[in-house]
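# Coordinate inspection notes
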Amino acid sequence: MKGKLQLTDSEEIVMKCIWDIGDDMCLSQIMEYTKKYGKNWKSQTVSTFLSKLVLKNFIEPYRKGRYFHYKVLITEKEYKIEKLRHYLKFWNEDDMKVFAEDLSSILSKEQKTLLIKKVKENS
């Protein structure tokens, strides 16, 4: 997934809508769903973002009747993991201690407890 990580904020919103909806959605469904994220884009705007997502190999278009539908090529989990790797490497120079300090500063006590539990389970 290297090189595919960089999405604009708008592309990321469209991709999040696609992940939320799932495979086999069309432009009108995606346009409607972007309202959940405070966007009321016109079809041409969403079409432009979809074209960019196709070029970046996040989705694949196919025709179903009169309309194009889209198949997901990169899962939301894959994208989130790659974003976290990038964050760790770029902002924290691969220093897990600094990353953990940053993360700790935004987590509630309950979230910290859950995170510690998950780390122990996966060790």
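Everything that follows concerns the structure shown earlier in this document.
Residues numbered from 1 in each chain as written. Predicted model: local features only at pLDDT ≥ 70, side-chain atom pairs only at ≥ 80, totals over all residues. Heavy atoms only, no water.

### Brief notes about the overall build of the protein
What the protein contains, in helices and strands, is 6 helices and 3 strands. Moving toward the C terminus, one meets the helices and strands of the protein in the order α-β-α-α-β-β-α-α-α. Expected size for 123 residues packed as a compact globule is a radius of gyration near 14 Å; at 18 Å, the protein overshoots this value by more than 25%. When contacts within the protein are restricted to residue pairs at least 6 apart in sequence, long-range pairs at least 24 apart make up 49% of them. Taken as a whole, the protein presents about 8,900 Å² of accessible surface, with 55% of it coming from carbon and sulfur. Seen as two clouds, the 24 positive and the 18 negative side-chain charges of the protein have centres 4 Å apart. (Helix = DSSP H or I, 4+ residues; strand = E, 2+ residues; numbered from the N terminus. Rg over C-alpha atoms; globule rule 2.2 N^0.38 Å. Contact = heavy atoms within 4.5 Å. Areas by Shrake-Rupley, 256 points an atom, 1.4 Å probe, with all protein chains shown as cover. Lys, Arg positive; Asp, Glu negative; His and termini not counted. Charge placed at Lys NZ, Arg CZ, Asp CG, Glu CD.)

### What to know about the packing of aromatic side chains
Scanning all chains against the criterion turns up 5 aromatic pairs. With centroids separated by 5.4 Å and ring planes inclined at 40 degrees, the aromatic side chains of tryptophan 19 and tyrosine 79 adopt a geometry described as tilted. Pair noted here: tryptophan 19 is in helix 1 (residues 9-21) and tyrosine 79 is in helix 4 (residues 76-92), with a separation of 60 residues, a long-range link. Summarising the burial analysis for this pair, tryptophan 19 and tyrosine 79 share the class buried. Linked through ring pairs, Trp19, Phe58 and Tyr79 together constitute an aromatic cluster. (Phe/Tyr/Trp six-rings, centres within 6.5 Å; stacked < 30°, edge-to-face > 60°. Buried < 20%, exposed > 50% of the residue type's maximum accessible area, 1.4 Å probe, protein only.)

### What about the nonpolar core?
Ranked by internal contacts, the top residues of the largest apolar core, which has 20 residues, are Val14, Met15, Ile18, Ile30, Leu50, Leu53 and Phe58. Elements with a contribution of two residues or more to this core: helix 1, helix 3 (43-55) and strand 3 (67-72). With 6 residues, helix 1 is the single largest residue contributor to this core. (Core = buried A, V, L, I, M, F, W, Y, C linked by side-chain atoms within 4.5 Å.)

### Looking at the pairing of strand 2 (residues 59-64)
The pairing of strand 2 with strand 3 spans 6 bridges and is antiparallel. Across the sheet, tyrosine 62 pairs through a bridge with histidine 69, a residue of strand 3. In textbook terms, the turn of a hairpin is the stretch between consecutive antiparallel strands, and for strand 2 and strand 3 this stretch comprises 2 residues, one of which, glycine 65, has a positive phi near 70 degrees. (Pairing = 2+ DSSP bridges.)

### Examining unusual backbone geometry
Despite not being glycine, aspartate 24 shows a phi value in the positive range, around 70 degrees. We note that aspartate 94 has phi near 65 degrees; this positive angle belongs to a residue other than glycine. Residue placement: aspartate 94 occurs in the loop between helix 4 and helix 5 (96-104).

### Section: the pairing of strand 3
In the sheet, strand 1 (residues 25-26) pairs with strand 3 via 2 bridges, with the strands oriented antiparallel. Pairing of cysteine 26 across the sheet is with histidine 69, part of strand 3.

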